[in-house]
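The chain contents come next:
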Amino acid sequence: MITFSSDPYVAENQMRAIIWHLVAFAYIDADFDVSEKDFIRGYIKKLVEQRATDAGNSGPVSPDIIARWTEHFHEVLDEIDHQIQGYFQESTAHGESTEQFVLSRLKLGCFELLERFDDKGQEAIFAAVETLMHADGVVHENEQSFYDELLALIHLHEEVALDELELVSEGEVIIGESHKPAVAMNNHPFLSQQEWDFARDRATFAEQAKKDLERVDEVMKKLEVQRAAGAGKLGPLKNFTELPKGAKFLDGHVWAVGPHPETHYELLVLGDLHGCYSNLKAALLQVDFFAKAQAHADDPNKNPPIYLVFLGDYIDRGRFSLSGTLRTALQLYLRMPEHVFLLRGNHEYYVELGGKVLAPVRPCEAMDSIAAVAENEVFATYMRLFEALPNMLAFGDLFFVHGGIPRADTFAEHYTGLSSLNVDDLRFQMMWSDPSEVDVVPLDLQKASARFPFGRRQFQQFMTRIGSRVMIRGHEKIDEGMRMVYQDEAAKLITLFSAGGADNDDLPAKSNYREVQPMAMTIRHHAGVSTLTPFEIDYKRFNDPQHNAFFRQNVVSS
């Protein structure tokens, strides 16, 4: 049995780490059954009694306190169980099963927790795991394999050299207080014109789809024009600090904007929307986007430009994917192509196999919702659009991308300068990766899943190489909607998630996205200073049929 620290904070972490490992090992066969849960609950009670003994140097700990501690850690067990169950609902890449993804997440969680402890603490956790493995008298092969792989990982000591890298020194980033701005108006004709859903019969759908497919073609043609104008401009640049002031271009799949120091800028940033059209509408009207855009168009000398940045994942999960969030985002871009940045998410990924277009990222609610009425060419057109979407935006020292950084070995192999960001492997991996709390994630652990983790120092290396200070990304369901993941002076990382809402009728009743408080962000930039202000999205107002025509079309809950 483990000897607990006399420091209550450390002892709490020891307990949580042991419980996580026990639950993770119980899930290795993808089935955490009642007998395993009962065993862990009983083991927790023994651990609590041991902790009480360790803490009782000044006298015995009362049974009431032991009972409260036991109840508390049984709640921790349920929290961890709920977290792991959520992994089974996450999207996976082509060729990767849900079980493979979950296994990689379990391994990452174990690794992150083990890294918090010294050798003695790690040995105690492994001893607890061995007790569980032997509980039924048989050590299963997959449990032993997982155990051996985890043991090997914590003995790896991979380093990331930062000494030779020059940190971004100019400029300043200020994080403002979160707030909930009131909407400037309850509707806008630009938005209401987009609010119509697809019919469920083939003939009517075919006529309706023509409008959307024509819109898609227009978007791709406009992107081609912008790419032609910006082709090769990244080539001579080693990093974004060399970007000329006032520059703005799309080179391949990379947008680059060099803010002019005398100009005031405002940006509205939206994370994953996942078919939550009410969230998109609310965010636009909460910042009075259309009025500000019109004011700048009417008198650019007196009114600062306002930009709209989409971090990708317009589709799936929610009810209004192709007909709502994506349609509106595309129309916004066509109306203001120099002010709207459409970035690609991992859900914007269709492939063609044997002449049929498929959605390898599962679940794929957007495709499924019209599969009964749509011809293959409809999905083929969306597939071409997704391939054409840019992957990232650099705005001064701010860097926007859907997922994160590329894998360590891929980055080392391909990166020679900013133009390398257009390499297919780098672009793909940057749609899928997630940050980890450890400094360095071993390459073997990164290779375990297409949705791989990266560490703090790996992130710092990437950001200093490209010359950026702050990364703003989406991709990861976080219940608070906005999270400061890394807050280091050298490089900051922020995750932004704009889908969700506890009572949001854009989502199916049982969606785990209802656990999320959806957030958006405004950025005000002037003279090298960027002020980032998150805000709560007032989605519920736009579940009202008076303010959202989608809800006047007898949407049926699922």
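Each remark here, short or long, concerns the structure printed above.
Computed from a predicted model, the values in this text were never measured in an experiment.

(A) Geometry of the side chain of Asp316. Here Asp316 lies in the loop between β5 (306–310) and α11 (321–335). No salt bridge is formed by the buried Asp316; its nearest oppositely charged neighbour, Arg317, is found at 6.3 Å. Among the polar contacts listed, one links the side chain of Asp316 to the backbone nitrogen of Glu365, at a separation of 3.2 Å. Contacts of Asp316, omitting those with residues within four sequence positions, involve His274, Gly275, Ser321, His347, Pro363, Cys364, Glu365, Ala366 and Met367.

(B) Examining the sheet that holds strand β1 (residues 172–175) more closely. Spatial ordering of the open sheet is given by β1-β17-β16-β4-β5-β6, a layout of 6 strands whose pairing is mixed. In this open sheet, the two edge strands, each paired with only one partner strand, are β1 and β6 (340–342). Going from strand to strand, the sheet's axes swing by 20 degrees on average, the running direction of each strand aside. Relative to β6, β5 runs parallel, the two being bridged by 3 bridges. The partner of Phe310 across the bridge, within β6, is Leu342.

(C) Representation of the nonpolar core in the model. Counting 91 residues, the largest nonpolar core has Phe310, Tyr350 and Phe400 as its most contacted members. Among the elements that line this core, the one with the most residues is helix α13 (residues 376–388), at 8 residues. In contact with Phe310, other than residues within four places in its own chain, are Leu270, Leu273, Leu280, Ala329, Leu332, Val340, Phe341, Leu342 and Leu343. With 49 residues, the next largest nonpolar core counts Ala17, Phe32, Ala128 and Phe146 among its residues.

(D) Inspection of the sheet that holds strand β10 (residues 398–401) at higher detail. An order of β2-β3-β9-β10-β13-β15-β14 is seen for the 7 strands of this open sheet, with the pairing classed as mixed. With partners counted over all chains shown, the strands left at the sheet margins are β2 (248–251) and β14 (482–487), one partner each. For this sheet, the mean angle separating the axes of adjacent strands, direction not counted, is 15 degrees. Along the sheet face, helix α17 (residues 456–466) touches β10, β13 (470–473), β14 and β15 (492–496) and points at about 110 degrees away from the line of β13.

(E) Just α17, in detail. Three or more residues of α17 are buried, namely Gln458, Phe459, Gln460, Phe462, Met463, Thr464 and Ile466. After α17 finishes, the residue Gly467 shows a positive phi value of roughly 80 degrees.

(F) Geometry of the environment of Val287. Inspection of the secondary structure assignment puts Val287 in the loop between α9 (277–286) and α10 (289–298). The class for Val287 is buried, based on a relative accessible area of 6%. Not counting chain neighbours up to four residues away, the residues in contact with Val287 comprise Leu268, Lys292, Thr522 and Phe535.

(G) Summary view of helix α8 (residues 202–230). Between the first and last C-alpha of α8 there are 41 Å, a value that for 29 residues agrees with the 42 Å anticipated at 1.5 Å per step. Considering bend angle alone, the principal kink of α8 is centred on Ala209 and spans about 25 degrees. Just downstream of α8, Gly232 is the residue with a positive phi angle, here 85 degrees.

(H) Seen up close, the packing of aromatic side chains. In the structure shown here, the tally under the stated rule is 30 aromatic pairs. Pairing Tyr277 with Phe550 gives two aromatic rings, centres 5.1 Å apart and planes at 75 degrees, and the pair type is edge-to-face. One end of the pair, Tyr277, is in helix α9; the other, Phe550, is in the segment after β17 (529–536), and 273 residues separate them in sequence. Note on accessibility: Tyr277 and Phe550 belong to one class, buried. Their ring planes at 45 degrees and their centres at 5.7 Å tell us that Tyr307 and Phe341 sit as a pair that is tilted. In this pair, Tyr307 is assigned in strand β5 and Phe341 in strand β6, connecting sequence segments 34 residues apart.

(I) Representation of the side chain of His347. Note that His347 resides in the loop between β6 and β7 (351–353). Here Asp316 takes part through its side chain, which lies 2.7 Å from a polar atom of the side chain of His347. Ignoring any residue separated from it by four or fewer positions in sequence, one finds His347 in contact with Ser91, His274, Asp313, Ile315, Asp316, Arg317, Val361 and Pro363.

(J) Highlighting the environment of Glu218. Note on placement: Glu218 falls in helix α8. Considering only alpha carbons, one finds Glu218 and Leu330, 112 residues apart in sequence, at a separation of 9.2 Å.

Quick notes on the rules
Sequence order as written defines residue numbering, which begins from 1 separately in each chain. The predicted origin of the model limits local features to residues at a pLDDT of at least 70 and limits the giving and counting of side-chain atom pairs to 80 or more, whereas totals for whole chains, interfaces and linings rest on all residues. The basis for the side-chain values is all heavy atoms of the structure; hydrogens and waters are excluded. Numbering of helices and strands runs from the N terminus, with a helix taken as a DSSP run of H or I at least four residues long and a strand as a DSSP run of E at least two residues long. We call a residue buried when its accessible area falls under 20% of the maximum for its residue type, exposed when it is over 50%, and partly exposed in between, using a 1.4 Å probe and counting protein chains only. Note on charges: Lys and Arg go in the positive column, Asp and Glu in the negative column, and His and the chain ends are not counted at all. Salt-bridge detection follows one rule: a side-chain nitrogen of Lys or Arg within 4 Å of a carboxyl oxygen of Asp or Glu. Two N or O atoms form a polar contact when they lie within 3.5 Å of each other; inside protein one atom must be a possible hydrogen donor and the other a possible acceptor, and for residues adjacent in sequence the pair counts only when both atoms belong to side chains. The criterion used for residue contact is that any of the two residues' heavy atoms lie within 4.5 Å. A pair of strands is labelled paired if DSSP reports no fewer than 2 bridges between them. Every axis in this analysis is a line fitted to C-alpha atoms, fitted for helices over the stretch in contact. Angles between the N-to-C directions lie between 0 and 180 degrees. The term nonpolar core refers to a set of buried residues drawn from Ala, Val, Leu, Ile, Met, Phe, Trp, Tyr and Cys, joined through side-chain atoms within 4.5 Å. Under the convention used throughout, the expected extent of a helix is 1.5 Å for every residue step, that is, one less than its residue count. Across the chain, bend at a residue is computed as the angle between axes fitted to the seven residues ending at that point and the seven starting from it. For Phe, Tyr and Trp, rings pair up if their centres lie within 6.5 Å, where Trp contributes its six-membered ring, and each pair is then called stacked (planes under 30 degrees apart), edge-to-face (over 60) or tilted (otherwise).

Bear in mind that shape data such as this cannot, by itself, settle questions of function.
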